[in-house]
Amino acid sequence: CGLQTSMSRIVGGTNATEGEWPWQASLQISGRHICGGILIHEKWVLSAAHCFVSRFAPPDRWTVVLGKFKLDVVSYHQLTFTVVKIISHRYYDEDTYDHDIALLLLDQPVPIAPFIYPICLPASTHVFETDRTCWVTGWGTTEEDGSAANVLQKVDVKLVDQSTCNKAYSYTITPRMICAGYPEGKKDSCQGDSGGPLVCEEASGRWFLAGIVSFGYGCGRQEYYGVYTRVTRLIDWINANIS
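Keep in mind that what you see is a predicted model, and the values were worked out from it rather than measured.

A. Local environment of the sheet that holds strand β6 (residues 79–88). Ordered in space as β2-β3-β4-β7-β6-β5, the 6 strands form a closed barrel in which the pairing is antiparallel. In this sheet, neighbouring strand axes are inclined to one another by 40° on average, regardless of whether the strands run parallel or antiparallel. Relative to strand β5 (residues 62–66), strand β2 (residues 24–29) is paired through 5 bridges, and the arrangement is antiparallel. Counted as the bridge partner of Ile 29 is Trp 62 from β5.

B. View of the state of the cysteines. Here the structure, examined in full by the defined rule, presents 4 disulfides. The disulfide bridge from Cys 1 ends at Cys 120, spanning 2.0 Å between sulfur atoms. The chirality of the disulfide connecting Cys 1 with Cys 120 is right-handed, given an S-S dihedral of about 95°. On the basis of relative accessible area, Cys 120 is assigned to the buried category, the value being 1%. Disulfide partner of Cys 134: Cys 200, at an S-S distance of 2.0 Å. Handedness of the Cys 134-Cys 200 disulfide follows from its S-S torsion of about 100°: it is right-handed. Of this pair, Cys 134 sits in strand β8 (residues 133–138) while Cys 200 sits in strand β11 (residues 197–201), placing them 66 residues apart in sequence. Judged on exposure class, the residue Cys 134 and its partner Cys 200 are both buried.

C. Broad picture of the pairing of strand β9 (residues 153–160). Among the 8 residues in β9, 7 count as buried, and that is most of the element. With 3 bridges joining them, β9 and strand β10 (residues 177–181) adopt antiparallel strand pairing. Residue pairing in the sheet places Lys 158 in a bridge with Gly 181 of β10.

D. Layout of unusual backbone geometry. Here the phi dihedral of Tyr 97 falls at roughly 65°; this positive angle occurs in a residue that is not glycine. Mapped onto the elements, Tyr 97 comes out in the loop between β6 and β7 (102–106). We note that Tyr 171 has phi near 60°; this positive angle belongs to a residue other than glycine.

E. A look at helix α2 (residues 231–242). Those residues of α2 that fall on the buried side of the exposure criterion are Val 231, Thr 232, Leu 234, Ile 235, Trp 237, Ile 238 and Ile 242. Against the buried residues of α2 lie β3 (32–41), β4 (44–47), β6, β7, β12 (207–215) and β13 (226–230).

F. Highlighting the packing of aromatic side chains. Under the counting rule described, the total for this entry stands at 7 aromatic pairs. Aromatic side chains Phe 52 and Trp 62 sit 4.9 Å apart centroid to centroid with 65° between the ring planes, which places their arrangement in the edge-to-face category. Remark: Trp 62 occurs in strand β5 and Phe 52 occurs in the loop between β4 and β5; sequence separation between them is 10 residues. By the burial criterion, Phe 52 is buried, and Trp 62 matches it. For the ring pair Tyr 169 and Phe 215, a centre distance of 5.8 Å and an interplane angle of 75° mean the geometry is edge-to-face. With Tyr 169 in the loop between α1 (162–168) and β10 and Phe 215 in strand β12, the pair connects residues that are 46 residues apart, well separated along the chain.

G. Structural view of the nonpolar core. Within the largest apolar cluster, 49 residues are counted, with the highest numbers of intra-cluster contacts made by Leu 27, Ile 40, Leu 46, Val 64 and Ile 238. Residue assignment for this core shows that the elements contributing at least two residues are β2, β3, β4, β5, β6, β7, β12 and α2. Counting residues per element, this core draws most heavily on α2, at 6 residues. If near-sequence neighbours (up to four positions away) are discounted, Leu 46 is found in contact with Gly 37, Ile 38, Ile 40, Ile 101, Ala 102, Leu 103, Gly 195, Leu 209, Ile 212 and Ile 238.

Procedures and definitions
- Residues numbered from 1 in each chain as written.
- Predicted model: local features only at pLDDT ≥ 70, side-chain atom pairs only at ≥ 80, totals over all residues.
- Heavy atoms only, no water.
- Pairing = 2+ DSSP bridges.
- Helix = DSSP H or I, 4+ residues; strand = E, 2+ residues; numbered from the N terminus.
- Axes fitted to C-alpha atoms, helices over the stretch in contact; angles between N-to-C directions.
- Disulfide = S-S within 2.5 Å.
- Buried < 20%, exposed > 50% of the residue type's maximum accessible area, 1.4 Å probe, protein only.
- Contact = heavy atoms within 4.5 Å.
- Phe/Tyr/Trp six-rings, centres within 6.5 Å; stacked < 30°, edge-to-face > 60°.
- Core = buried A, V, L, I, M, F, W, Y, C linked by side-chain atoms within 4.5 Å.

Below you can see the structure in the form of structure tokens.
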């Protein structure tokens with residue numbers, strides 16, 4: 001897990017290279033990209049619960065596309081799966097975005113290929129230190145209320161101290177959230193990136209999943225960081241559901 005296969009816009013981001021983020025999924029309805037997702041297991045993709053509320057709920061409406069790079073081009077590497085089951089966290093709160101996590105069961109196992117590879121999941125004891133630089137990827141809008149990116153975007157963000165983020169969001173940040181970004185804004189995830197990965201590279205060269213794109217006040221605004229579902233706090237829930 002967690003190995004990049006090619007070493008070669010999210011707000012303030014740049015184009016990724018094809019195959020650079022092999023765990024990135026595009027979750028689609030009728031061929032249209034709605035949310036991001038993360039390959040974590042041969043039959044499971046992780047995303048955000050808020051992608052599946054109300055009209056978006058039935059699993060059979062969704063397809064998961066792996067190995068995607070440009071949304072308008074069918075990549076040589078891409079594979080498409082149908083979704084058999086969606087498990088959203090029972091404590092997901094639509095008002096606060098607490099427990100914003102969901103699992104999607106695919107109709108068949110994913111063959112591990114050069115451009116399709118799962119992310120490593122952290123243990124509950126895994127520490128993602130404040131101020132370390134991690135990366136967010138997705139096809140979301142490249143500016144607030146802007147148009148979606150066609151090419152997969154990547155952006156570096158710094159992990160933010162919990163108390164700093166909590167203060168910025170009027171003390172609504174729960175222990176199941178982790179924040180990333182910069183005080184001056186500029187670099188952030190945005191609409192359409194929801195459910196995608198916040199990943200950090202460890203000394204081993206493997207990438208681990210620190211967070212899932214959840215919410216933020218606007219995109220790239222000063223003093224408002226991106227808020228992500230904190231995976232270490234929910235890893236037991238993930239493991240219980242995919243085992």
